[in-house]
Structure formats: structure tokens, C-alpha cells
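Here's the letter readout for the chains.
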Amino acid sequence: MIHFLNLIRWKNLLMIALMQYLVRYALLVPFQESHGVQITLSDFNFFLLVIATLCIAAGGYAINDVYDIETDKINKPNKRIVDKHITEKNATTVFMVLNIIGVGLGFYLSYQIGRPGFFAIFFIASALLYIYSSSLKQMAVVGNIIVSIVVALSVLLVGIFELIPAMNMNNKAVQTTFLNIIRDYAIFSFMINLIREMVKDIEDIDGDHKAEIQTLPILLGRERANKIVFALSLIPVFSIIYYVITYLFKQQLVVGYFLVLVIAPLIYISIKLFAAEQKSQYKHISLMLKLVMLTGMLSLLLYNFILK
């Protein structure tokens, strides 16, 4: 059982579920009465939306490990699951079953809210994760962008399913405002995940080189790739500083939270990236980026103070 949970990256799945629940229960539900926010899904259907998202993400992790058998022998020999604890055939079956459940639930939910076209989101996400594992991963940066888009989509999905179907002429301004907040958090998730994916590429350069995967550090060399990732890491720092100054500056508690738990760790990550050379250093940076993703999403709990 533990090998199956590691195959589907249960810790990452918990993070995705937490992000989606925070968007609904910290940002949308508390402002139904005070601000007139209207949501579409029942608690149970929202739970199904989360399950659908997790199934597609888990399937993506499973198929990724199937295609990473050779590189994982070099990059993480002790953490390898497929071909060691779970057969390639069984891992592929896990991918197929999880995607059928995820896409099936997406189909059901889309019809439940009267927006059958939304079903395409689940199908495209599932297809992208498969194409990423099988071919796009071998294209420098493209694979990183695809994975980051899917992560951002898991945040945006809550706004798409909750706010858009309930939007009308009377509440359009309110619904759009909250949809824009969710969009900003999705962009934040995209940026942090993109940097993390590129850091992992530098960390995994040895295995990727042997498997002839054309990642950025293999095409440009570790040092040049490191400089590019360092430059990219400054974008979320300046973006969040601008966001805090523009929208949140009057709220001292909120400013303090972002300074200490989001901006300061991002600056620390940039400094570490500038000097990073060892595999262990990139692993540490990757972990820090995951923590920043968590603290960034937990800031949704502060909207009770922001939108008084």
C-alpha cells in the first residue's frame, strides 16, 4: 500500500486538495452573505471535483514514473517504485483507471452544473499529463510549462466550477472580483511550480543526460541554466511585492504575513539558487519552493481581514 501511495505522490495530492478546499472555504463560502458571492456546487459535488482533480493528478504521477524508469535508476535509485516495487504494467493500469474515474467525474459534474463544455478541461489535463510524460518532457522548458499549467489549473478549476455558472447581470462584478483573486493565486502556483520544475531538471541532470532527455541544463549546461532559473526566481518576488503594495498595504497583519512567510523565503531561495552547485542544494531549494507554495496558498485564510 505504501508503494502505491508513493507512486501517486500522496503528499503532493494532499497539497492540491488543500489548495482547492482553501479557495472554496476560505475565500468563497465566508463571503456569500457579506459580499453576495454565489457558488454553484453542493458540498458533495465539490468533494467530487476535488476527487476528479486528484485522480487525474495521481494518474499523471503514475505514468510519469513509467516513462522515468531509466532516469530514476540514476537520479533516485533508492526512491524508485516502478519496476522495483510495482510492475510497469500495474503502474500503467493505475494510470488508466484513475484517469477514467477523474474524467468520468468531470463529465458528470459538467452536466450537473449545465456546462457540458467544462468537461473538456479534465480531458485536456489528462491528455497533457500523458503527452508530457511520453514526449514533451524531452523538450526543454515546454514540459516544465505544461506541468505548471496543470498545477495552476487545479486552483483555477474551483473558480470556473463555482463562480462562472452562478454569474448573472446582478452579481457579475462580485463574481468577477473573486474569480480574479483565484486567477492571481493560480498564476502564483504556476510561477512557483515552473521554477521548482526547472530546479528539479538541474538536480536530475545526470540521469536525464544518460536518457538523452533535452532539458534546459543539458542544452545550455548547468551554470547557464542556473542563471536563468535564478533570474526567473526574481519574478515572483517582485510580483508579490507589487501585489502587496497595490492591494494589501493597509492591512498590517497581511503585509507582515507576506513579508515573513512568502517574500522572505523567496528571497532566500533566490540567494541559494545564485550559489547552488550540489545536488543536495537543489533538493533543499525544491523543498523550500514547495513550502512557499503552501504558505502562499494559506494566505487565503487572511481574506477575512482583507475584505472586511
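Summarised in this report is the structure supplied together with it. Keep in mind that this is a model prediction, so the values were computed, not measured. Along each chain, the written sequence defines residue order, and numbers are assigned to residues from 1. pLDDT decides what is reported in this predicted model: residues at 70 or higher carry local features, side-chain atom pairs at 80 or more are listed and counted, and totals for whole chains, interfaces and linings draw on all residues regardless. Hydrogens and waters are ignored; side-chain quantities use all the structure's heavy atoms.

What follows concerns the side chain of Glu203. Along the chain, Glu203 turns up in helix H8 (residues 172-203). With a 1.4 Å probe rolled over the protein chains alone, any residue whose accessible area is under 20% of its type maximum counts as buried; one over 50% counts as exposed, and the rest are partly exposed. The charge count includes Lys and Arg as positive and Asp and Glu as negative, but it does not include His or the ends of the chains. What counts as a salt bridge is simple: a side-chain nitrogen of Lys or Arg found within 4 Å of a carboxyl oxygen of Asp or Glu. In this structure, Glu203 is buried with no salt-bridge partner, the nearest side chain bearing the opposite charge being Lys279 at 4.7 Å. Contact criterion: two residues are considered in contact whenever any of their non-hydrogen atoms come within 4.5 Å of each other. Setting aside its immediate chain neighbours within four residues, Glu203 contacts Lys279, Tyr282 and Lys283. For the purposes of this entry, the term helix denotes a DSSP run of H or I that reaches at least four residues, the term strand denotes a run of E that reaches at least two, and both are numbered from the N terminus.

Stacked, edge-to-face and tilted are the three classes for Phe, Tyr and Trp ring pairs, Trp counted by its six-membered ring, which pair at centre distances within 6.5 Å; planes under 30 degrees apart are stacked, over 60 edge-to-face, the rest tilted. For the structure shown, the criterion picks out 16 aromatic pairs. Judged by centre distance (6.5 Å) and plane angle (40 degrees), the rings of Phe119 and Phe123 are tilted. With Phe119 and Phe123 both in helix H6 (residues 119-134) and four residues apart, the pair spans about one turn of that helix. On the basis of relative accessibility, which here comes to 24%, the residue Phe119 falls in the partly exposed class. Given the relative accessible area of 51%, Phe123 is considered exposed. When the centroid spacing of 5.6 Å and the interplanar angle of 70 degrees are considered together, the rings of Phe122 and Phe161 count as edge-to-face. Placement of Phe122 in helix H6 and of Phe161 in helix H7 (residues 142-162) is noted, with a sequence separation of 39 residues between them. Each member of the pair, Phe122 together with Phe161, is buried. Cluster of aromatic residues (ring-pair linked, three or more members): Phe107, Tyr111, Phe119 and Phe123.

With the rule as written, the count across this model stands at six salt bridges. The salt bridge involving Asp65 is made with Arg9; its shortest N-O contact spans 2.7 Å. Note that Asp65 is positioned in helix H3 (residues 43-67) and Arg9 in the loop between helix H1 (2-7) and helix H2 (10-28), a separation of 56 residues in sequence. Arg9 shares its class with Asp65; the two are buried. For the salt bridge of Arg24 with Glu162, the shortest nitrogen-to-oxygen distance reads 2.3 Å. In this pair, Arg24 sits in helix H2 while Glu162 sits in helix H7, placing the two residues 138 residues apart along the sequence. Residues Arg24 and Glu162 agree in their burial class; the two are buried.

Looking at the element boundaries, Gly117 is found in the loop between helix H5 (88-112) and H6. Sequence-wise, Gly117 and Tyr257 are 140 residues apart; in three dimensions their C-alpha atoms are separated by 39 Å.

Bringing the packing of H2 against H7 into the picture now. In the contact formed by H2 and H7, the axes pass within 9 Å of each other and the chain directions differ by 35 degrees. For the crossing formed where H2 meets H7, the hand is right-handed. Of H7, the residues touching H2 (which contributes Ile16, Met19, Gln20, Val23, Arg24 and Leu28) are Val151, Ser154, Val155, Leu157, Val158 and Glu162. Fitted lines through C-alpha atoms serve as axes, helices being fitted only where they are in contact, and the angles separating the N-to-C directions of these axes extend from 0 to 180 degrees. Two helices cross in a left-handed way if the nearer one is turned anticlockwise from the farther one by less than a right angle. They cross in a right-handed way if the turn is clockwise.

What follows is about the nonpolar core. The tendency in soluble globular proteins is for nonpolar side chains to be buried as a group. What is meant by a nonpolar core is a set of buried Ala, Val, Leu, Ile, Met, Phe, Trp, Tyr and Cys residues, joined one to another through side-chain atoms within 4.5 Å. With 96 residues, the main nonpolar core has Leu28, Phe161, Phe258 and Leu300 as its most contacted residues. Among all residues touching Phe161, those that are not within four sequence positions of it are Thr40, Leu41, Leu49, Leu109, Ser110, Ile113, Phe118 and Phe122.

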